[in-house]
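A look at the structure
For reference, the chains in residue letters:
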Amino acid sequence: MRHAGLIAGAATAALVAAGAITYAVAGDDGGGRTPSAESADAGFARDMAVHHQQAVEMSYIVRDRTKDEEVRRLAYDIAQTQANQRGMMLGWLDLWGLPKVSSEPPMTWMDMGGMASGKDGALMPGMATNSEMKKLGELSGKQAEVFYLQLMTDHHKGGVHMAEGCVERCAVGVEKRLAQGMVDAQQSEIALMADMLKERGAAPRP
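These lines cover the structure that appears in this document, whether it is placed above or below. (Residues numbered from 1 in each chain as written. Predicted model: local features only at pLDDT ≥ 70, side-chain atom pairs only at ≥ 80, totals over all residues. Heavy atoms only, no water.)

**What to know about the pattern of salt bridges**
Two side chains of opposite charge can pair, provided their charged atoms sit close to one another. Inclusion rule: Salt bridge, as used here: a side-chain nitrogen of Lys or Arg that lies within 4 Å of a carboxyl oxygen of Asp or Glu. Labels follow the DSSP assignment, with helices taken as runs of H or I lasting at least four residues and strands as runs of E lasting at least two, numbered in each case from the N terminus.
Enumeration over the complete set of coordinates arrives at 10 salt bridges. Across the salt bridge formed by Arg169 and Asp111, the nearest N and O atoms sit 3.4 Å from each other. Here the residue Arg169 occupies a position in helix α5 (residues 141–169), and Asp111 occupies one in the loop between α3 (69–96) and α4 (130–138), the gap between them amounting to 58 residues. Notably, a salt bridge pairs Arg205 with Glu132, separated by 2.9 Å at the nearest N-O pair. Residue Arg205 is located in the segment after α6 (173–199), and its partner Glu132 is located in helix α4; the two are separated by 73 residues in the primary sequence.

So, in structure tokens, the structure goes:
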């Protein structure tokens, strides 16, 4: 199956990249300096950890709401990849001795602190609202599959935007490489999900 191969390939590439950088120390490629709490490195790690957590939650919800193996496989791969990456980013914050939460609004490190209002739980671009998360948990079968693919497409688009911001602004080399890996993998999955939606007579949300 073409889709299965694409899903497995994207997940494997992401996990290999993640595994290759778990050795990283706080100042890798950053001149030996520990990032500050206000740095792009810290801001990206904090915000993307939150962003990833919702993707993990959505993926486990849909695995319980459908028996479609293609969607369940994609959801499992996304959940495993993003949980792994989330753990790494929180680990870096620990290494740097920095807090995992900030008093500043999300996306402040990208000079976009006012972009997401946080209304109904959508703290950052692409994140689902609390109402949407509740709806996903109430749907089943094809309806759950379509809604999940639409939500995750939006989620990935927001994640790609944030990861591109880290590639541009972060100073720690290992973190920049992780961010670029996120961009590549999630763009591939966005294209895959567009195909999966089309097969189900649906399309990404405008």
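**Some remarks on the packing of helix α2 (residues 40–63) against α6**
The test is simple: Convention adopted: a line fitted to C-alpha atoms gives each axis, helices being fitted over their contacting stretch, and angles between N-to-C directions are expressed from 0 to 180 degrees. Two helices cross in a left-handed way if the nearer one is turned anticlockwise from the farther one by less than a right angle. They cross in a right-handed way if the turn is clockwise. In what follows, a contact means two residues having at least one pair of non-hydrogen atoms within 4.5 Å.
Packing of α2 against α6 leaves a shortest axis separation of 11 Å and a crossing angle of 35°. α6 is crossed by α2, and the crossing has left-handed handedness. On α6, the residues touching Asp41, Phe44, Ala45, Met48 and His52 of α2 are Glu175, Ala179, Met182 and Gln186.

Shape descriptors only; they carry no functional weight alone.
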